Amino acid sequence: MTVYFIGAGPGAADLITVRGQKLIERCSVCLYAGSLVPAEIVASAPEDALVRDTAEMHLDEIIDEMVAAHTRGQDVARVHSGDPSLYGAIAEQMRRLDTLGIGYEVVPGVPAFAGAAASLATELTLPDVSQTVILTRVSSGASPMPESESLEVLARSKATLALHLAIKSAARIAETLSPHYGADCPVVVVYRATWPDEKIIVTTLGGMVERLNAESIRRTALIFVGRVFGPAHFRNSRLYEAGFSHYRREASE
């Protein structure tokens, strides 16, 4: 018996991996985060499978279901949104399973920031603009940020930022980042990336709060900050230049 932690992707039902979908189709138990995982994804579970939305369950209840499945010798598809390695809250589940001697595997998924970038048709790393992407969030009641990873510290890099679970802190984000990035720095907020009701808001650090208030965006949104979202003033990568050689291609004269 194995518990499979499966990344369902950012929202669109067809963005789950083939491996993840096949596991859902054969597992006798499916526990999914219903607030963020599309119902279409778990609809492919076996007809006689136990399918439970864990949105209103606490950790002990979720583990109890896994233990019960273990007793019955049934595999479990534990389906999370995005990629389980990012803000997936799987570490505490795996720790409990280690203690109980229950085996598990992790199946990666398309992370929310990648789905949002695809919707924008934007490259997050542009030559001479930004070569670093920082995936982060802000402190909340559920999980405070380490002091060394505060926005004040990260802002010094001026890297492309992808802020998760941060929409309620928009005013503080704008105030903290503006001295480093500039009030005119582009901001793109992607609400429910890749879902049918996806909404994209293009603004600046200086105008972000007003725009979000006008759009009534309160949750389930990713905030991108960085100059890569501005005018396309960047040089071409050398990778495809005729005069650049690598192990697969000799430079042209």
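Up top is the structure these notes are about.
A short tour of the structure in this document, coming up. (Residues numbered from 1 in each chain as written. Predicted model: local features only at pLDDT ≥ 70, side-chain atom pairs only at ≥ 80, totals over all residues. Heavy atoms only, no water.)

1. Some thoughts on unusual backbone geometry
Put simply, the rule is: Helical segments are the DSSP runs of H or I of at least four residues, strand segments are the runs of E of at least two, and each set is numbered from the N terminus. To sort residues, take the accessible area from a 1.4 Å probe on protein chains only and compare it with the maximum for the residue type: under 20% means buried, over 50% means exposed, and anything in between is partly exposed.
Not every positive phi belongs to a glycine, and aspartate 128 is a case in point at roughly 65 degrees. For leucine 165, which is not a glycine, the phi torsion comes out positive at approximately 50 degrees. Positionally, leucine 165 belongs in the loop between strand E7 (160-164) and helix H7 (170-181). Taking the relative accessible area as the measure of exposure, leucine 165 reaches 59% and is therefore exposed.

2. Let's talk about helix H5 (residues 112-120)
Under the convention used in this document: By the convention used here, residues are in contact when the closest approach between their heavy atoms is within 4.5 Å.
Among all positions in H5, only Phe113, Gly115, Ala116, Ala117 and Leu120 are buried. Where H5 is buried, its residues touch strand E6 (133-137), E7, strand E8 (186-191), strand E9 (199-204) and strand E10 (221-225). Immediately beyond the C-terminal end of H5, within one or two residues, lies alanine 121, with a positive phi of roughly 50 degrees.

3. Quick word on the side chain of glutamine 93
Operational definition: Polar contact is defined as a pair of N or O atoms within 3.5 Å, subject to the rule that within protein one atom must be able to donate a hydrogen and the other to accept it, and that residues adjacent in sequence are counted only when both atoms are side-chain atoms.
In this structure, glutamine 93 sits in helix H4 (residues 91-100). Only 3.0 Å separates the side chain of glutamine 93 from the side chain of arginine 78, close enough to count as a polar contact. With residues near it in sequence (within four places) discarded, glutamine 93 still touches Phe5, Leu59, Ile62, Ile63, Met66, Arg78 and His80.

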